[in-house]
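# Summary of the model geometry
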Amino acid sequence: MLAAMQTVDEYSRISVEPLAGALGAEISGVDLTNVDQETYAEIHKAFLAHNVIFFRDQELTPETQMAFGRLFGPLNRHSYVKGMDDYPDVFRIVKEPTDAHHFGNAWHTDLAYEEQPALGTILYGLEVPKAGGDTMFANLYAAYDGLSEGMKRMVDELQVVFTNANTYGKDAQRFKTGIAKDMTVEQAPTEKEVIHPLVRTHPETGRKALYLSTTHFSRIDGMTKPESRIILDQLAKHAIQPDYTCRFKWRNNSVAMWDNRCTMHYAVNDFPEARRIMQRVTLQGDKPF
Ligand code: OGA
Ligand code: MN
């Protein structure tokens, strides 16, 4: 009873409608080009509570999308994907019917190969297929909480080596499985590895979450790659079970904003005939601990 009453009173400026039990909520009653302090505080609260939030029917320019992002903190400039000519901190993700590869088409969290990965990502749907091209999300707090005490003790101790090579290395460009579409093999960056804990503590909520990103894994620190795969593949499989996920169907002018510190996401590649154009702003995060 008390919980129900608190839910009713929780938000006064916005409406928050959960999309699934695990994570995700659609927020309505807000124009993202005009967000005052109290409305920002409620959006921020919903973001931390639901891990990925969605907005419909927004009219965003690169400037107003950046301004909304800056309410949450400094923006990130992507190391390898070139931004728009006039807005280097904004980039467009375009999939033409002739493109086989789809940006984000594997479970991952953004920029896990960076020393300071993304806090959040704000994606705006400019032109989306009528059907297909959904984005799926998985709750990595729930994935951690769902482990046995024995497994938690084991993963709590592990550090993971992440790499930029799988998505931006020479082979990624050579075989066009990379996601920087304009990059040539010669332009591929040198391989870079970083180490992050397998279990991270969210700096704002204090909760523990698995830190998984299947496209960015190299290995568990101190183990061979085959040994690492036994553990990492099973954890990823555990984390993406339907009970921990939600799935967002885009419309033109929808916005999704996800928390990369406690979720993974997956861009579904099921729209061979259609074009899809998204506009992205990324929030700079801290070093995971
Ligand atoms: C991203 C991403 C998913 C999508 O922008 O980081 O993974 O559905 N996008 O476009
Ligand atoms: Mn992504």
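Residues numbered from 1 in each chain as written. Chains lettered and ligands numbered in written order. Predicted model: local features only at pLDDT ≥ 70, side-chain atom pairs only at ≥ 80, totals over all residues. Heavy atoms only, no water.

This part takes up the site of ligand 1. Close contacts around ligand 1 come from Ile93, Phe103, Gly104, His108, Asp110, Leu123, Thr135, Trp258, His265, Ala267, Arg276 and Arg280, and that covers them all. Protein burial of ligand 1: of its 290 Å² of free accessible surface, 100% is covered by the chains. Secondary structure elements with two or more residues in the shell around ligand 1: β15 (263-267) and β16 (276-284). Residues belonging to the shell around ligand 1 are distributed by class as follows: five nonpolar, four polar and three charged. (Near = heavy atom within 4 Å. Areas by Shrake-Rupley, 256 points an atom, 1.4 Å probe, with all protein chains shown as cover. Helix = DSSP H or I, 4+ residues; strand = E, 2+ residues; numbered from the N terminus. Nonpolar A, V, L, I, M, F, W, Y, C, P; charged D, E, K, R; others polar.)

Taken in spatial order, the three strands make up an open sheet running β9-β8-β12, and their pairing is antiparallel. One side of each edge strand has no neighbouring strand; the edge strands of this open sheet are β9 (193-197) and β12 (217-220). Strand-to-strand, the axes of this sheet are offset by a mean angle of 30°, without reference to chain direction. One ladder, built from three bridges, connects strand β8 (residues 159-163) with β12; its direction is antiparallel. Considered in β12, the bridge of Val161 is made with Arg219. The sheet strands contacting helix α8 (residues 225-239) are β8 and β12, and the helix crosses β12 at an angle near 100°. (Pairing = 2+ DSSP bridges. Axes fitted to C-alpha atoms, helices over the stretch in contact; angles between N-to-C directions. Contact = heavy atoms within 4.5 Å.)

This paragraph deals with unusual backbone geometry. Working note: non-glycine residues mostly have negative phi, and peptide bonds are mostly trans. Even without being glycine, Leu111 reaches a positive phi, approximately 65°. Within the secondary structure, Leu111 sits in the loop between β5 (90-95) and β6 (118-127). By relative accessible area, which is 3% here, Leu111 ends up buried. The phi angle at Asn253 is positive, at roughly 75°, despite the residue not being glycine. Structurally, the position occupied by Asn253 is in the loop between β13 (245-248) and β14 (255-259). (Buried < 20%, exposed > 50% of the residue type's maximum accessible area, 1.4 Å probe, protein only.)

As a further point, take the environment of Phe162. Structurally, Phe162 is set in strand β8. Relative accessible area serves as the criterion here: at 0%, Phe162 is assigned to the buried category. Separated by 49 residues in sequence, Phe162 and Tyr211 place their C-alpha atoms 11 Å apart. Leave out the neighbours within four places in its chain, and Phe162 touches Ala112, Tyr113, Lys192, Glu193, Val194, His196, Tyr211, Ser213, His216, Phe217 and Ser218.

This next bit is on the pairing of strand β1 (residues 15-18). Strand residues, when the strand is regular, have side chains that alternate between the two faces of the sheet. Where β1 meets strand β2 (residues 25-28), four bridges bridge the pair, whose relative direction is antiparallel. Each residue of the ladder has a partner; that of Val16, found in β2, is Ile27. Turn length for the β1-β2 hairpin, with the two strands adjacent in sequence and antiparallel, is six residues, and the turn residue Gly24 shows positive phi of about 95°.

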